[in-house]
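Report on the structure
Below are the chains, spelled out letter by letter.
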Amino acid sequence: SGINAEWLLRPGTSKQKKFPLITFVDTPGLVDGEMLYPFDVDQAIQWMGAKCDLIFVFFDPIGQALCKRTLNIVEHLNEFAGDKMRFYLSKADTAGTETDRQKVMMQVVQELCKRPGLNKTGFDMPTIYIPSLANEKQRCVNQIEDVCRDIDKAIAHTLQSILNTLDKDCDTLVERIDETLAEDTVHGKHNLKAYSWWLLFQTLGYGLLLLLITQFIFSILSPSMLSAFIDEQTTQLVFQTIQPVRQLFALIPEDNKYFVFGAIMGVNLLCFLLAKLLSRTKPRLTSRMKKLHIARRKKILETIKPKQSDMYSKYLAQCAE
């Protein structure tokens, strides 16, 4: 909270080494006491430490390792990012004589070793300084090239990791798209089957309902009554058409007619119920979404994957050189 307003971006224009591939994040200087920051500086540094590829901890001859706040954060970072941490004695040319420089380094190492999390074997702390700003009278071993080599290794490892991840992500995306399209095809077949069942049972249900209504109407409607509304020829045609239905219902014993009518109504309701249950459809992709998935799949296979293979080949060629 509040850190976004405190970011200060300074673009670098140098093309030396692999500078364009690097983003440096300079954290604020830490001091003990009641100094307040406009944001939670401890949490901010730990969050950035989890995201970055390398963590450089600089101790100078003046401050040494006496700031408890710095050591607390370094100890916390070491818990989850110890393999990314590098310790350096910066401004080593200002430490005085070689004896003074050794005393400073011993003091720093002692302070670090007091922390259980930082007390480890193989501890290394190279001395570095900027040659152009060096004190001409005081010269010492400058191991700043070691810093450059660590950065080069981190860049190479990150590039390889990114290219490998890109290849895996492409395969994963293609697989997901294929699964989505295959699932959509299965849903389409299911929906077609569901529609067929719906059409069948709806036809049966309305067909039975129409039979009952027809039988009821023409059981109380005589030819003479119907001829009052239409001509005699049409009346005969209507009664000839429904004659099989009337004959079918005539076969039913008078005592069982109500039972049969009830059974037909029950079957009719069952047909409507089955039509509703069996007609449940599954969601499908819209035509636009389906075309979009196909276009994305084509772009991944025909554009991104070949570019990834080409970049990986160039990367391996550079490593061989």
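Scroll up for the structure.
Our subject in this report is the structure included herewith. Please read all numbers here as calculations on a predicted model, not as lab measurements.

Okay, the side chain of Lys305 next. Tracing the chain through its elements places Lys305 in helix 9 (residues 287–320). Polar contacts involving the side chain of Lys305 include one to the side chain of Asp171, which spans 2.9 Å. Dropping the residues within four chain positions of it, Lys305 is found in contact with Asp167, Cys170, Asp171 and Ile300.

Quick look at the side chain of Gln308 now. Within the fold, Gln308 resides in helix 9. A distance of 3.0 Å separates a polar atom in the side chain of Gln308 from the backbone oxygen of Leu163. Excluding anything up to four places from it in sequence, Gln308 contacts Leu163, Leu166 and Asp167.

Let us look at unusual backbone geometry. If a residue is not glycine, its phi is most likely negative; likewise, a peptide bond is most likely trans. Phi is positive for Lys91, which is not a glycine, with a value near 50°. For Lys91, the location among the structural elements is in the loop between strand 2 (85–89) and helix 3 (98–113).

Once that is clear, we can look at the packing of helix 1 (residues 41–51) against helix 2 (residues 68–81). Interhelical geometry of helix 1 versus helix 2 gives an angle of 30° and a closest axis separation of 10 Å. In terms of orientation, helix 1 lies roughly parallel with respect to helix 2. Crossing of helix 1 against helix 2: the hand is right-handed. Residues Val41, Asp42, Ile45, Gln46, Gly49 and Ala50 of helix 1 form the contact with helix 2, whose own contacting residues are Arg69, Ile73, His76, Leu77, Phe80 and Ala81. Its residues assigned to classes, the contact of helix 1 with helix 2 comprises seven nonpolar, three polar and two charged.

With that settled, consider the nonpolar core. Ranked by internal contacts, the top residues of the largest apolar core, which has 25 residues, are Leu30, Val57, Phe59, Met85, Phe87 and Leu112. Looking at which element gives the most residues to this core, the answer is helix 2, with five residues.

What follows concerns a nonpolar patch on the surface. Residues Trp197, Leu200, Leu204, Leu270, Leu273, Leu277 and Leu278 make up a contiguous nonpolar surface patch of about 600 Å² in total accessible area. Where the nonpolar patch is concerned, the elements lending two or more residues are helix 4 (144–220) and helix 8 (257–278). With four residues, helix 8 is the largest single contributor of residues to the nonpolar patch. Since its relative accessible area comes to 45%, Leu273 is described here as partly exposed.

This part covers the environment of Arg101. Among the structural elements, Arg101 can be located in helix 3. C-alpha of Arg101 to C-alpha of Leu89: the two residues are 12 residues apart in sequence and 9.4 Å apart in space.

The tally for this structure, following the rule as stated, stands at eight aromatic pairs. Where Phe59 meets Phe87, the ring centres are 6.3 Å apart and the plane angle is 5°; that geometry is what we call stacked. Here Phe87 lies in strand 2 and Phe59 lies in strand 1 (residues 55–59), a separation of 28 residues in the sequence. Residue classification places Phe87 among the buried positions, given a relative accessible area of 6%. An aromatic cluster is present here, built from Phe56, Phe58 and Tyr88 joined pairwise through their rings.

Turning next to the pattern of salt bridges. Evaluation of the coordinates by the stated rule reveals 10 salt bridges. Ionic pairing is found between Glu111 and Lys114, a salt bridge with its closest N-O pair at 3.2 Å. Here Lys114 falls in the exposed class, since its relative accessible area comes to 57%. A salt bridge links Asp146 to Arg149; the nearest nitrogen and oxygen atoms lie 2.1 Å apart. Placement of the pair is Asp146 and Arg149 together in helix 4, with a separation of three residues, close to one helical turn. For Asp146, a relative accessible area of 24% translates into the label partly exposed. Classification of Arg149 by relative accessible area gives partly exposed; the value is 45%. One continuous salt-bridge network, built from bridges that share partners, spans Asp167, Asp171 and Lys305.

The end-to-end C-alpha separation of helix 3 is 22 Å, in line with the 22 Å expected for 16 residues at 1.5 Å each. Buried within helix 3 are the following residues: Arg101, Val104, Met105, Gln107, Val108, Glu111 and Leu112. Looking down the long axis of helix 3, one finds its buried residues gathered within 155° of arc, a one-sided arrangement. Residues Lys103 and Met106 are exposed on helix 3 and point more than 90 degrees away from its buried face. Buried residues along helix 3 sit in contact with strand 1, helix 2 and strand 2.

Residues Ile55, Val57 and Phe59 of strand 1 are buried on one face, while the alternating residues Phe56 and Phe58, pointing to the opposite face, are not. Relative to strand 2, strand 1 is paired through five bridges, and the arrangement is parallel. Within strand 2, the residue paired with Phe58 across the bridge is Tyr88.

Scoring rules and cut-offs
- Residues numbered from 1 in each chain as written.
- Predicted model: local features only at pLDDT ≥ 70, side-chain atom pairs only at ≥ 80, totals over all residues.
- Heavy atoms only, no water.
- Helix = DSSP H or I, 4+ residues; strand = E, 2+ residues; numbered from the N terminus.
- Polar contact = N/O pair within 3.5 Å; in protein donor to acceptor, adjacent residues only side chain to side chain.
- Contact = heavy atoms within 4.5 Å.
- Axes fitted to C-alpha atoms, helices over the stretch in contact; angles between N-to-C directions.
- Parallel < 35°, antiparallel > 145°, perpendicular 65-115°, else oblique.
- Left-handed = near helix turned anticlockwise from the far one by under 90°.
- Nonpolar A, V, L, I, M, F, W, Y, C, P; charged D, E, K, R; others polar.
- Core = buried A, V, L, I, M, F, W, Y, C linked by side-chain atoms within 4.5 Å.
- Buried < 20%, exposed > 50% of the residue type's maximum accessible area, 1.4 Å probe, protein only.
- Patch = residues over 30% accessible without salt bridge, like charges linked within 9 Å, V, L, I, M, F, W, Y side chains within 5 Å.
- Areas by Shrake-Rupley, 256 points an atom, 1.4 Å probe, with all protein chains shown as cover.
- Salt bridge = Lys/Arg side-chain N within 4 Å of Asp/Glu carboxyl O.
- Phe/Tyr/Trp six-rings, centres within 6.5 Å; stacked < 30°, edge-to-face > 60°.
- Expected span 1.5 Å × (residues − 1).
- Arc of directions from axis to C-beta.
- Pairing = 2+ DSSP bridges.

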